[in-house]
Amino acid sequence: IGRPSGSQVDIHIEWRVHICCWAAWHAKQLPGDFVECGTNTGILSLAVCQYIDFNTTGKSFYCFDTFCGIPNEQIAPDERARGREQENVIFYEECYELAKRNFSSYPKVRLVRGKVPDTLTSVPIDRVCYLSIDMNIVVPELAAIEYFWDKLVPGAPVILDDYGWLGSSKQKNAMDAFAAGKGVKIATLPTGQGLLLKP
């Protein structure tokens, strides 16, 4: 992720992975299932599965993605001006079969292919104990948190991967407005992520 196809450059997301693993460790002790919106090949969610030994939790993990990049029609004009369309071409390619292979040892991980929000109602998810949102643009990210908010159990962590980055101000502003409407506050982490806990 975050590099052209074939590149061996280390993009150093160790601390972002660490935050997801920390959140997952707490979430596994709560009722409900895991959800990730924005999976691509599965780097973050695979780390989580390995770290908490996901197969022993009895939970399901729903991973929503197009598995072929950001839907062009969902990119807002100012996001387009910030280069999201070009990033999409450079950094993302068809990866559904690769993702399936990556998760082959985790039978309760379900890859849900298609655009958010279109796919959100396609699977029955009652309670959510962990929510990771990383779709790089505001439209599907806001739709995801709006859809899953009432399904989140008390104490459930929400990780917003793009929240604190300079080029993600549209996402941050939208998430801040959403949080304010719910009477909660998002923590800005040094990793660039946002962390929110469901009351």
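See the structure printed just above.
In this report, the structure presented in the accompanying data block is examined. Keep in mind that what you see is a predicted model, and the values were worked out from it rather than measured.

All told, the structure shown has zero disulfides when counted by the stated rule. No disulfide involves Cys37; its sulfur sits 9.1 Å from the nearest other cysteine sulfur, which is in Cys63. We note that Cys63 lacks a disulfide partner, and the nearest cysteine sulfur, in Cys49, lies 6.9 Å from it.

In this structure, Phe34, Val35, Phe61, Phe64, Tyr130 and Phe148 are the most contacted members of the largest nonpolar core, which totals 59 residues. For this core, the element with the highest residue contribution is helix α1 (residues 14-27), accounting for seven residues. Tyr130 has contacts with Cys20, Ala23, Ala24, Ala27, Asp33, Phe34, Val35, Val48, Phe61, Ala156 and Pro157, leaving out every residue within four places of it along the chain.

Under the criterion given, the structure shown has eight salt bridges. Here Glu85 and Arg80 are joined by a salt bridge, their closest N and O atoms 3.1 Å apart. Judged by relative accessible area, Arg80 falls into the partly exposed class, the value being 28%. Notably, a salt bridge pairs Lys100 with Glu97, separated by 3.5 Å at the nearest N-O pair. Here Lys100 pairs with Glu97, and both are found in helix α5 (residues 96-102), just three residues apart, close to one helical turn.

With that settled, consider the layout of surface pockets. In this structure, the largest pocket spans a volume of roughly 760 Å³. Around the largest pocket sit 37 residues that line it, and Tyr92, Asp134, Asn136, Asp161 and Asp162 are the ones nearest its centre. Going through the elements one at a time, α2 (43-51), β2 (61-65) and α4 (84-91) are the ones with two or more residues in the lining of the largest pocket.

Summed over the entire model, instances satisfying the criterion amount to nine aromatic pairs. Their ring planes at 25° and their centres at 4.8 Å tell us that Phe34 and Tyr130 sit as a pair that is stacked. Of this pair, Phe34 sits in strand β1 (residues 33-37) while Tyr130 sits in strand β4 (residues 128-133); the two residues are 96 residues apart in sequence, bridging distant segments of the chain. For the residue pair Phe34 and Tyr130, the accessibility class agrees, reading buried in each case. Note on Trp149 and Phe178: the rings are 5.5 Å apart at their centroids and 85° apart in plane angle, and the pair reads as edge-to-face. Placement of the pair is Trp149 in the loop between α6 (138-148) and β5 (157-160) and Phe178 in helix α7 (residues 169-182), with a sequence separation of 29 residues. Considered together, Trp149 and Phe178 belong to a single accessibility category, that of buried residues.

Within the fold, Asn136 resides in the loop between β4 and α6. Once you skip the residues sitting within four places of it in the chain, Asn136 turns out to touch Ile70, Arg84, Tyr92, Glu141, Asp162 and Gln171.

What follows covers the sheet that holds β5. With respect to topology, seven strands assemble into an open sheet ordered β3-β2-β1-β4-β5-β7-β6, the strand pairing being mixed. Each of the sheet's edge strands pairs with one partner strand only, and the pair in question is β3 (109-113) and β6 (187-188). Bridge count between β1 and β4: five bridges; the pairing is parallel. Residue pairing for β4: Asp33 is matched across the bridge by Val128. Along the sheet, α2 makes contact with β1, β2, β3 and β4, crossing β2 at roughly 170°.

The next thing to look at is empty space enclosed by the protein. Within this structure, the stated rule accounts for one cavity of 30 Å³ or more. Size it by volume and the largest cavity reaches roughly 40 Å³. Around the largest cavity, the lining residues are Ile133, Glu141, Leu160, Asp161, Asp162, Tyr163, Gln171, Lys172 and Met175. With three residues, α7 is the largest single contributor of residues to the lining of the largest cavity.

What counts and how
Residues numbered from 1 in each chain as written. Predicted model: local features only at pLDDT ≥ 70, side-chain atom pairs only at ≥ 80, totals over all residues. Heavy atoms only, no water. Disulfide = S-S within 2.5 Å. Core = buried A, V, L, I, M, F, W, Y, C linked by side-chain atoms within 4.5 Å. Buried < 20%, exposed > 50% of the residue type's maximum accessible area, 1.4 Å probe, protein only. Helix = DSSP H or I, 4+ residues; strand = E, 2+ residues; numbered from the N terminus. Contact = heavy atoms within 4.5 Å. Salt bridge = Lys/Arg side-chain N within 4 Å of Asp/Glu carboxyl O. 1 Å grid on protein atoms, 1.4 Å probe; cavity = no way out; pocket = protein on both sides within 12 Å on 5 of 7 lines; lining within 4 Å. Points joined across faces, edges and corners; volume = space filled by probe spheres on them. Phe/Tyr/Trp six-rings, centres within 6.5 Å; stacked < 30°, edge-to-face > 60°. Pairing = 2+ DSSP bridges. Axes fitted to C-alpha atoms, helices over the stretch in contact; angles between N-to-C directions.

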